[in-house]
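# Coordinate inspection notes
In case you want the letters, here they are:
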Amino acid sequence: VEYNCNPGTNPKTGEAVKMTDPLTNHFPFKDVFGLYDHYVNQVNFLDFKHAITGGLLWKAQHPETEAYYNSKHAKAGASCDSCHTPKMKDPKTGKIWTSHFAASPRVQLKETCLTSKCHPKWTEEEAKYTIDSVKAHIKGKMRKAEFRISVLIDKIVAAKAAGVDPEVITKAQDHHLRAHILWEFWTAENSDGFHNPDMAKEALMKSAQAAFDGIKVIDDAMAAKTAQAAPAAVAPAAAPAAAPAGK
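Summarised in this report is the structure supplied together with it. (Residues numbered from 1 in each chain as written. Predicted model: local features only at pLDDT ≥ 70, side-chain atom pairs only at ≥ 80, totals over all residues. Heavy atoms only, no water.)

### Side note on the packing of helix H5 (residues 124–161) against helix H6 (residues 166–188)
What counts, and what does not: Only the stretch in contact is used when a helix axis is fitted, and all axes are lines through C-alpha atoms; the angle between N-to-C directions ranges over 0 to 180 degrees. The way it works is that DSSP assigns letters per residue, a run of H or I at least four long becomes a helix, a run of E at least two long becomes a strand, and they are numbered from the N terminus. Each angle is binned into one of four classes, with values under 35 degrees roughly parallel, values over 145 roughly antiparallel, values of 65 to 115 roughly perpendicular, and all other values oblique. Should the near helix be turned anticlockwise from the far one by less than a right angle, the crossing is termed left-handed; should it be turned clockwise, right-handed. Should any heavy atoms of two residues lie within 4.5 Å, those residues are considered in contact. Side-chain classes follow a simple rule in which Ala, Val, Leu, Ile, Met, Phe, Trp, Tyr, Cys and Pro form the nonpolar group, Asp, Glu, Lys and Arg form the charged group, and the remainder, Gly included, forms the polar group.
Put simply, H5 and H6 touch, their axes get as near as 10 Å, and they point 155° apart. Between H5 and H6, the angle falls in the class roughly antiparallel. The handedness of the crossing between H5 and H6 comes out as left-handed. Across the interface between the two elements, Met142, Ala145, Glu146, Ile149, Leu152, Ile153, Ile156, Ala159 and Lys160 of H5 pack against Ile169, Ala172, Gln173, His175, His176, Ala179, His180, Trp183, Trp186 and Thr187 of H6. Its residues placed into classes, the contact of H5 with H6 shows twelve nonpolar, five polar and two charged.

If you want it as structure tokens, here you go:
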């Protein structure tokens, strides 16, 4: 689950949140879409300051439970032990025991994905293809969000160096925070989005959009600043008057 176990900063006041504060031992149990409002507007806690942009950001801690909650597999009745600690049968004695290998079901498909309770009609190759394709698709969404976020970071740095209004910088940093939360959640969650592909896809698309919105904030401000600094155009000289007729 996601939790805090470290000091941080109050984003409203800028004051340090020390280990004596209960927020340093905090379990919000929120899905990815509720985290911004929870940490920024309700409990006022962010983990660290970005070393380049100076903006405050949040750090995720393995939020598998929050990701899995309300997913397709959860609604179908599968639980953590269904995929990660399945029942095994000793081939010699026939004794049934519980595996505590706690690995991806991909390495023990017969006891997990291919049982009569799950996908008994699949072959091992079909199960592997499904797992791998879902994870690859979500990884692609993560890379797209990462690219947009990295561009936004560079834009904020350039805008600060150019002397853009601090209010504009703060607005762009907020877009960065929103994009970061929607992306960071899945970097800390250990299934590459497989625990809840629908949520992962939606969150990462929103992350990329939030970063794009931040980029536009900076681009618009930089364009206005460039236009303001440009020298005024010089009007062309007037043409000489024509000589009177007959002279």
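### Let's talk about the pattern of salt bridges
We count it as follows: Salt bridge, as used here, is a side-chain nitrogen of Lys or Arg placed within 4 Å of a carboxyl oxygen of Asp or Glu. Working definition: with a 1.4 Å probe on protein chains only, accessible area under 20% of the residue-type maximum means buried, over 50% means exposed, and in between means partly exposed.
Applying the stated criterion across every chain, the model contains eleven salt bridges. Salt-bridge contacts for Asp174 lead to Arg178; the nearest nitrogen and oxygen are separated by 3.0 Å. Of this pair, Asp174 and Arg178 both sit in helix H6, separated by four residues, roughly a single helical turn. Here Asp174 falls in the partly exposed class, since its relative accessible area comes to 26%. Glu202 is paired through a salt bridge with Lys206; the nearest N and O atoms lie 3.0 Å apart. Of this pair, Glu202 and Lys206 are both found in helix H7 (residues 197–229), four residues apart, which corresponds to roughly one turn of the helix. Given a relative accessible area of 37%, Glu202 falls into the partly exposed group. Taken together, the shared-partner salt bridges connect Lys135, Lys139 and Asp192 into one network.

### Quick notes on the nonpolar core
Put simply, the rule is: Take the buried residues of types Ala, Val, Leu, Ile, Met, Phe, Trp, Tyr and Cys, join any two whose side-chain atoms come within 4.5 Å, and each joined set is a nonpolar core.
Core analysis: the biggest nonpolar cluster contains 43 residues, and Val32, Leu46, Trp58, Leu177, Phe185, Trp186 and Leu204 have the highest contact counts within it. Sequence-distant contacts of Trp58, that is, excluding residues within four places in its chain, are made with Glu2, Leu35, Tyr39, Leu46, Asp47, Phe48, Leu177, His180, Ile181, Glu184 and Phe185. Grouped together as the second largest cluster of nonpolar side chains are five residues, Cys113, Leu114, Ala127 and Ile131 included.

### Description of the side chain of His176
Of note, His176 is situated in helix H6. Excluding residues within four positions of it along the chain, His176 makes contact with His50, Thr53, Leu57, Ile149, Leu152, Ile153 and Ile156.

### Let's talk about unusual backbone geometry
Positive phi outside glycine occurs at Asn44, with the angle close to 55°. Looking at the element boundaries, Asn44 is found in the loop between helix H1 (35–42) and strand S3 (48–49). The phi dihedral of Asn70 is positive, around 70°, even though this residue is not glycine. Along the chain, the position of Asn70 falls in the loop between helix H2 (64–68) and helix H3 (72–75).

### So, the packing of aromatic side chains
Using the following cut-off: In summary, the pairing rule links any two rings of Phe, Tyr or Trp, Trp by its six-membered ring, whose centres are within 6.5 Å, and it sorts them by plane angle into stacked for under 30 degrees, edge-to-face for over 60 and tilted for everything else. Charges are assigned to positions over rings by a cutoff of 6 Å between ring centre and Lys NZ or Arg CZ, combined with an angular limit of 35 degrees from the ring normal.
Applying the stated criterion across every chain yields a total of five aromatic pairs. Note on Tyr39 and Trp58: the rings are 6.1 Å apart at their centroids and 40° apart in plane angle, and the pair reads as tilted. One end of the pair, Tyr39, is in helix H1; the other, Trp58, is in the loop between strand S4 (56–57) and H2, and 19 residues separate them in sequence. Joined through ring pairs, the aromatic side chains of Tyr39, Phe45 and Trp58 make up one cluster. The ring of Phe33 has Lys206 sitting right over it, with the charged end atom 4.9 Å from the ring centre.

Bear in mind that shape data such as this cannot, by itself, settle questions of function.
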